[in-house]
Amino acid sequence: MADSMVASFWGPVTSTTELCEENYAHSSYIAEFYNTISNVPCVLLALIGLVNAFRQGFEKRFSVLHISNMILAIGSMIFHATLQLLLQQSDETPMVWEILLYMYVLYSPDWHYRSTMPTFLFLYGAAFAVVHFFARFQVVFKLHYIGLCFLCIPRMYKYYIQTKDVAAKRLAKLGTHGGMCLWASTHTMQTHS
């Protein structure tokens, strides 16, 4: 992306990823303004989810998931505001940790050895963070993340076909279709800009 004439508070862009938005177009403090502020609803929704999880007495894993959602959104805000390579890690590493946590939430009810799954996922996440910090792979990171997301689909489908709640099924369809539309529009804007 071509930088605007506004001087950057954070210095030159050093990240390996930039999205379809002019850098520092609105403020010298925020590189990708819309990508940065788009994380505010994510923080708010995670906070609402956390409050509801406490109110309804959900298992601890759901509260941890909502806290993780907030951390991911804040890390993403920091990265998109600065476009610094080191802070890119504050976006990408929590993305992987988040999907590992989703895997735990989805698969743990049927896991027979209760301590092995969280231990493995924790070690995997820690190893990923170290390797990703030093290797800073870009394409491999994206393929790795997509692969982890695909591992969640069978269990999500299992829960979808087992639920009898019509509103929950409608929400799942809306989320799936909306997510695909957002991905397609973002991909289209990136390839045409």
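Each value, and the rule that gives it
Counting restarts for each chain, with residues numbered from 1 along the sequence as it is written. Totals for whole chains, interfaces and linings use every residue, but because this is a predicted model, local features are given only for residues with pLDDT of at least 70 and side-chain atom pairs only at 80 or more, for both listing and counting. As a rule here, side-chain values come from all non-hydrogen atoms in the structure, and water together with hydrogens is ignored. UniProt positions are given in the numbering used here, feature names are shortened, and annotations may be inferred rather than shown by experiment. Definition used for salt bridges: Asp or Glu carboxyl oxygen within 4 Å of a side-chain nitrogen of Lys or Arg. Burial classes: relative accessible area under 20% of the type maximum marks a residue as buried, over 50% as exposed, and values in between as partly exposed (1.4 Å probe, protein chains only). A run of H or I in DSSP becomes a helix once it reaches four residues, and a run of E becomes a strand once it reaches two; helices and strands are each numbered from the N terminus. Between two residues, a contact is recorded if the distance between any of their heavy atoms is within 4.5 Å.

Naming follows an unreviewed UniProt entry, where the protein chain appears as Alkaline ceramidase of Sorghum bicolor. One UniProt comment on the protein chain, placed under Cofactor (unreviewed entry), says "Zn(2+)".

Visitor: Got a minute to help me understand the pattern of salt bridges in this structure?
Guide: Opposite charge on two side chains permits pairing when their charged atoms draw close. Summed over all chains, the structure comprises three salt bridges. A salt bridge links Glu59 to Arg61, with the nearest nitrogen and oxygen atoms 2.7 Å apart. In this structure Arg61 comes out as buried when scored by relative accessible area, which is 13%. Between Lys158 and Asp110 there is a salt bridge, and its shortest N-O distance comes to 2.8 Å. Placement of the pair is Lys158 in helix H6 (residues 139-162) and Asp110 in the loop between helix H4 (85-107) and helix H5 (116-135), with a sequence separation of 48 residues. Connected through salt bridges with shared partners, the residues Asp110, Arg155 and Lys158 form a single ionic network.

Visitor: Quick question: what am I supposed to make of the UniProt feature "transmembrane region" (unreviewed entry) in the protein chain here?
Guide: As annotated by UniProt and renumbered to match this structure, "transmembrane region" (unreviewed entry) occupies residues 33-51, 63-83 and 120-137. This span, residues 120-137, is 89% helix and 0% strand, and a straight line between its end C-alpha atoms measures 22 Å.

Visitor: I keep staring at the UniProt feature "binding site: Zn(2+)" (unreviewed entry) in the protein chain and nothing clicks. Help me out?
Guide: In this numbering, the UniProt entry assigns the feature "binding site: Zn(2+)" (unreviewed entry) to His80. Along the chain, His80 turns up in helix H3 (residues 60-82). The buried category is assigned to His80, whose relative accessible area is 6%. Beyond its immediate chain neighbours, meaning those up to four positions away, His80 contacts Leu19, Ala31, Glu32, Asn35, Thr36, Asn39 and Asp91.

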